[in-house]
There are 2 protein chains.
Amino acid sequence: MALTDYPQPSVTVDILIFTIRNNQLNVLLIKRKISPFKGAWAIPGGFVRIDESLEDAAIRELKEETGVEADYLEQLYTFGDVKRDPRGRVITVTYFALINSEKLKLKSSTDASEAKWFPIDKIPKLAFDHEKILKYALQRLRWKFEYTLVGFSLLPKKFTLSQLQKIYEIVFNKKFDKRNFRKKILSLGILKEEGIDKNVSHRPPMLYSLKKNVKNIVEIL
Amino acid sequence: MALTDYPQPSVTVDILIFTIRNNQLNVLLIKRKISPFKGAWAIPGGFVRIDESLEDAAIRELKEETGVEADYLEQLYTFGDVKRDPRGRVITVTYFALINSEKLKLKSSTDASEAKWFPIDKIPKLAFDHEKILKYALQRLRWKFEYTLVGFSLLPKKFTLSQLQKIYEIVFNKKFDKRNFRKKILSLGILKEEGIDKNVSHRPPMLYSLKKNVKNIVEIL
DNA sequence: ATGCCATATTGTAATTTATACATTTAGTTA
DNA sequence: TAACTAAATGTATAAATTACAATATGGCAT
């Protein structure tokens, strides 16, 4: 039953899937197999089904492309310019996802499809308005790292302060002072010591985990 | 031409229109004249036309309800739960708008329709999932006041520091120290002196305006 | 002219937070 | 046991935040 007699736009969900690979921030892109923009790289996505929520659609797309679930997922922005898709009126609700590099190894090689990880400083020309969308997503990503704890979702449950610092350095593409970084993070009072990791051939580091119920609010850096 | 054979959701734009009236933060609501939720108050909105962008739709709705243009407008979030509208699948892209209290006087009495301003601490039961949406909007509003200069859009071009402080006190519902507030604002280096306002029956205040090209970036408070 | 009223304007000390910067420690490996 | 690797640590300075109260400038009433 249509709620209005007027023609309605189509609705898609596109998802920006970020991870860290080879000490670089990467985003997953797919190669378009059909026109328009056939052969061009694009942000993965698809139509929203009538019986699934937007978030469910994002989760489904994510799973289709990567085989795993996101360690962090949030809605990004809805792009709805009239001519953003040459085929007709298409509104796209975008999400961004973070995937922990550990899981990643399970999958990224498995799928022989047209999906590929791109370091964010080596992005090819993209289809539709996807360059604008990616740019927006990177802004939001950095903002989130600065003011929230999303960064921790890229780490295993137990991690060292050096690992954490590395992630921040990759995302912001700059070095931080080790002493100040540690001081800052520890002063937040959000970490729990988890014992020492002896499996290294140098001074063994302390492992930490995020305290329970610490997921929001806190400001970092 | 449909891009997919599957049934598609409908798309609406809802807009949260905020202003300051009687020293209180107010939001504009409309009384529903049809089922479902007939007689209940709701956030104003309507269907997106096939030939207008989402933002254009928001601007149109805003103008229909208030007769004026927003002093600030931004997309808020897109709500798309499957059962949020009992009539069928409706995705709503929400916007929030700020309207300067000066303009307001021109209009708010003019329109004899079912629209009404509500102080945000006296909101009635709302239709659909609109309570959730309003709550989200208030969070975002406060966040924006804290970290950006949107607050200035509620003031006339020339304003006093007391007026500015008042707006912040209303939005955050708390008092700020006068000396520290002024220190903070002035230290941002974003204000230009505009001479003294003699039309008061007490010590005349300095008028300020926002310097040109200062619209983003800066962090307040 | 004087005193009253209302709001605007101003400063300083104490505390907290941010920044800059180099050495020592604990383990492995040759 | 010497060399290597990454982990852990402290201190002085600067900058930002907080707490707090008296004086200034005009209009208005007498």
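These numbers were taken from a predicted model, which means no experiment stands behind them.

S.K.: Please clarify how the pattern of salt bridges should be interpreted in this entry.
M.R.: A pair can form between side chains of opposite charge whenever their charged atoms are brought close. Summed over the entire model, instances satisfying the criterion amount to 28 salt bridges over all chains. A salt bridge links K132 of chain A to D81 of chain A; the shortest N-O distance between them is 3.6 Å. Remark: D81 of chain A occurs in the loop between β5 (72-79) and β6 (90-99) and K132 of chain A occurs in helix α3 (residues 130-147); sequence separation between them is 51 residues. We classify K132 of chain A as partly exposed; its relative accessible area is 44%. Judged by its relative accessible area of 41%, D81 of chain A falls in the partly exposed class. Residue E64 of chain B pairs with R60 of chain B through a salt bridge whose shortest N-O separation is 3.2 Å. Linking E64 of chain B with R60 of chain B, this pair stays in helix α1 (residues 54-66), spanning four residues, or about one helical turn. Since its relative accessible area comes to 45%, E64 of chain B is described here as partly exposed. Overall, R60 of chain B belongs to the buried group, its relative accessible area being 17%. What emerges from the salt-bridge pattern is a single network uniting E52, R60, E61 and E64 of chain A.

S.K.: When you look at the protein's contact with DNA strand D in this model, what are you seeing that I'm missing?
M.R.: Neighbouring residues of DNA strand D: 20 residues in total, closest S162, R182, H202 and M206 of chain A together with R203 of chain B. For DNA strand D, the fraction of atoms within 4 Å of the protein that belong to sugar or phosphate moieties is 46%. Backbone polar atom of M206 of chain A to a phosphate oxygen of DNA strand D: 2.7 Å apart, as the coordinates give it. With respect to DNA strand D, the side chain of R179 of chain B contributes an N or O atom lying 3.3 Å from a base nitrogen. Elements supplying a minimum of two residues to the surface near DNA strand D: α5 (178-187) of chain A together with α5 (178-187) of chain B. Residue composition of the surface near DNA strand D, grouped by class: five nonpolar, five polar and ten charged.

S.K.: Explanation requested: the pairing of strand β1 (residues 10-21) of chain A in the structure shown.
M.R.: A regular strand places its side chains so that they alternate between the two faces of the sheet. All names here are of chain A. With eleven of twelve residues buried, β1 lies mostly within the body of the structure. As judged from the ten bridges shared by β1 and β6, these two strands associate in the parallel manner. Residue pairing for β6: T12 is matched across the bridge by T92. Summarising the sheet, β1 and strand β4 (residues 45-47) pair through three bridges and their orientation is antiparallel.

S.K.: What is the right way to read the packing of aromatic side chains from this model?
M.R.: In this description, an aromatic ring pair is defined by two values, namely the gap between the centres and the angle between the planes. Following the criterion strictly, the structure yields 30 aromatic pairs over all chains and no others. Ring plane angle 35 degrees and centroid distance 4.9 Å describe the contact between W143 of chain A and Y147 of chain A, whose orientation is recorded as tilted. Taken together, the positions of W143 of chain A and Y147 of chain A, both in helix α3 and four residues apart, correspond to about one turn of that helix. Residues F172 of chain B and F176 of chain B carry aromatic rings whose centres are separated by 6.2 Å and whose planes lie at 90 degrees to one another, so their mutual orientation is edge-to-face. Among the aromatic side chains, those forming a connected cluster through ring pairs are F145, Y168, F172, F176 and F181 of chain A.

S.K.: Would you mind showing me how to read the nonpolar core here?
M.R.: Inside soluble globular proteins, nonpolar side chains tend to come together where they are buried. All names here are of chain B. Grouped together as the largest cluster of nonpolar side chains are 41 residues, with contacts concentrated most on L16, F18, L98, F145 and L191. If you list the elements that add at least two residues to this core, you get β1 (10-21), β2 (24-31), β5 (72-79), β6 (90-99), α3 (130-147), α4 (161-172), α5 and β9 (206-210). At seven residues, α4 tops the list of elements feeding residues into this core. In this structure, this core is formed jointly by two domains, domain 1 (10-128) and domain 2 (150-210), each of which donates at least three residues. Other than its neighbours up to four places away in sequence, L191 contacts F152, F159, L161, I185, L186, Y208, S209, L210 and K211.

S.K.: Got a minute to help me understand the side chain of T12 of chain B in this structure?
M.R.: Residues and elements named next belong to chain B. Mapped onto the elements, T12 comes out in strand β1. Within the local environment of T12, its side chain forms a polar contact with the side chain of T92, the two groups lying 2.9 Å apart. Leaving out residues up to four positions away in the same chain, T12 has contacts with G46, F47, V48, V90, I91, T92 and V93.

S.K.: Is there a simple way to explain the relation of the copies chain B and chain A in this structure?
M.R.: Superposition of the two copies of the chain requires a rotation about an axis and a shift along the axis. Once turned by 180 degrees and shifted 0.0 Å along the axis, chain B lies on chain A with an RMSD of 0.0 Å. The transformation relating the two chain copies, once decomposed into turn and shift, fits a two-fold axis. Same-surface contact between copies: 100% of interface residues of chain B are shared with the interface of chain A.

S.K.: Sorry if this is basic, but what is going on with the domain arrangement of chain A here?
M.R.: Interface size is commonly expressed as the accessible area that is lost once the parts come together. All names here are of chain A. One can read the domain layout of chain A as domain 1 (10-147) and domain 2 (150-210). The gap between the C-alpha centroids of domain 1 and domain 2 is 28 Å. Summed over the shared surface of domain 1 and domain 2, the result is zero salt bridges. There are three residue pairs in polar contact (both at pLDDT 80 or more) connecting domain 1 and domain 2. Among the secondary structure elements, those contributing two or more residues to the side of domain 1 that touches domain 2 are β1, β2 (24-31), β6, α2 (101-107) and α3. Residue classes in the side of domain 1 that touches domain 2 are distributed as six nonpolar, five polar and five charged.

S.K.: Help me understand the interface of chain B and chain A, please; the structure alone is not making it clear to me.
M.R.: The interface of chain B with chain A comprises 31 residues on the first partner and 31 residues on the second. Between chain B and chain A, roughly 2700 Å² of surface is buried when both sides are summed, and carbon and sulfur atoms account for 60% of that area. When the buried surface of chain B facing chain A is broken down by residue, L3, Q8 and I50 of chain B rank first, second and third, together holding 23% of it. The interface formed by chain B and chain A holds zero salt bridges in total. The set of elements that each furnish at least two residues to the side of chain B that touches chain A consists of β1, β5, β6 and α3 of chain B. Ranked by residues supplied to the side of chain B that touches chain A, first place goes to β5 of chain B with four residues. Taken together, the residues that form the side of chain B that touches chain A break down as 17 nonpolar, seven polar and seven charged.

Conventions we followed
Residues numbered from 1 in each chain as written. Chains lettered and ligands numbered in written order. Predicted model: local features only at pLDDT ≥ 70, side-chain atom pairs only at ≥ 80, totals over all residues. Heavy atoms only, no water. Salt bridge = Lys/Arg side-chain N within 4 Å of Asp/Glu carboxyl O. Helix = DSSP H or I, 4+ residues; strand = E, 2+ residues; numbered from the N terminus. Buried < 20%, exposed > 50% of the residue type's maximum accessible area, 1.4 Å probe, protein only. Near = heavy atom within 4 Å. Polar contact = N/O pair within 3.5 Å; in protein donor to acceptor, adjacent residues only side chain to side chain. Nonpolar A, V, L, I, M, F, W, Y, C, P; charged D, E, K, R; others polar. Pairing = 2+ DSSP bridges. Phe/Tyr/Trp six-rings, centres within 6.5 Å; stacked < 30°, edge-to-face > 60°. Core = buried A, V, L, I, M, F, W, Y, C linked by side-chain atoms within 4.5 Å. Domains from an automatic or database assignment. Contact = heavy atoms within 4.5 Å. Least-squares fit on C-alpha atoms with pLDDT ≥ 70 in both. Buried area = accessible area lost by both parts, 1.4 Å probe.

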